[in-house]
Amino acid sequence: MTQKQKRATRTEYWVYFALIFVAAIPFAIARWAFRLLAPRKDRQNRGVIRRAKEQAHIVTPMIFSA
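This text gives an overview of the structure that appears in the document. Bear in mind that the values here come from a model prediction, so they are computed numbers and not experimental data.

Analysis parameters
- Residues numbered from 1 in each chain as written.
- Predicted model: local features only at pLDDT ≥ 70, side-chain atom pairs only at ≥ 80, totals over all residues.
- Heavy atoms only, no water.
- Helix = DSSP H or I, 4+ residues; strand = E, 2+ residues; numbered from the N terminus.
- Rg over C-alpha atoms; globule rule 2.2 N^0.38 Å.
- Buried < 20%, exposed > 50% of the residue type's maximum accessible area, 1.4 Å probe, protein only.
- Contact = heavy atoms within 4.5 Å.
- Areas by Shrake-Rupley, 256 points an atom, 1.4 Å probe, with all protein chains shown as cover.
- Phe/Tyr/Trp six-rings, centres within 6.5 Å; stacked < 30°, edge-to-face > 60°.

Secondary structure summary: the chain contains 2 helices and 0 strands in total. Over its C-alpha trace the chain gives a radius of gyration of 16 Å, far above what one expects of a compact globule, namely 11 Å for 66 residues. Referenced to the eigenvectors of the C-alpha coordinate spread, the extents of the chain come out at roughly 50 × 20 × 20 Å. Here the chain, with 66 residues, has 17% of them falling under the buried criterion. Across the chain, every contact between residues at least 6 apart in sequence was considered, and the portion connecting residues at least 24 apart equals 64%. With an accessible surface of roughly 5,500 Å², the chain has 64% of that area assigned to carbon and sulfur atoms.

Moving on, we come to the packing of aromatic side chains. Within this structure, the stated rule accounts for 5 aromatic pairs. Centroid distance Tyr 13 to Phe 64: 5.5 Å. Interplanar angle 45 degrees. Geometry classified as tilted. Pair noted here: Tyr 13 is in helix 1 (residues 3-37) and Phe 64 is in helix 2 (residues 48-65), with a separation of 51 residues, a long-range link. For Phe 64, a relative accessible area of 33% translates into the label partly exposed. Ring geometry for Trp 14 and Phe 17: centres 5.1 Å apart, planes at 70 degrees, overall edge-to-face. Here Trp 14 pairs with Phe 17, and both are found in helix 1, just 3 residues apart, close to one helical turn. Three or more aromatic residues link up through ring pairs in this structure, and these residues are Tyr 13, Trp 14, Tyr 16, Phe 17, Phe 21 and Phe 64.

Take a look at the structure:
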């Protein structure tokens with residue numbers, strides 16, 4: 001793989017990551033709001049942005065491995 005191909009692949013990865021991250025934010029907000037209404041002591045509330053980033057980090061590699 002040439003340097004240009006690596007750069008294109010990396011750019012494509014981050015574009016997909018950004019799109020998935022933006023799409024995950026509303027779901028993270030909904031989950032955060034639900035946790036406010038029904039708090040549990042056994043789990044930490046990690047925050048909206050962190051949860052959306054975690055989901056994007058999980059989903060994006062799945063797209064590239066398919």
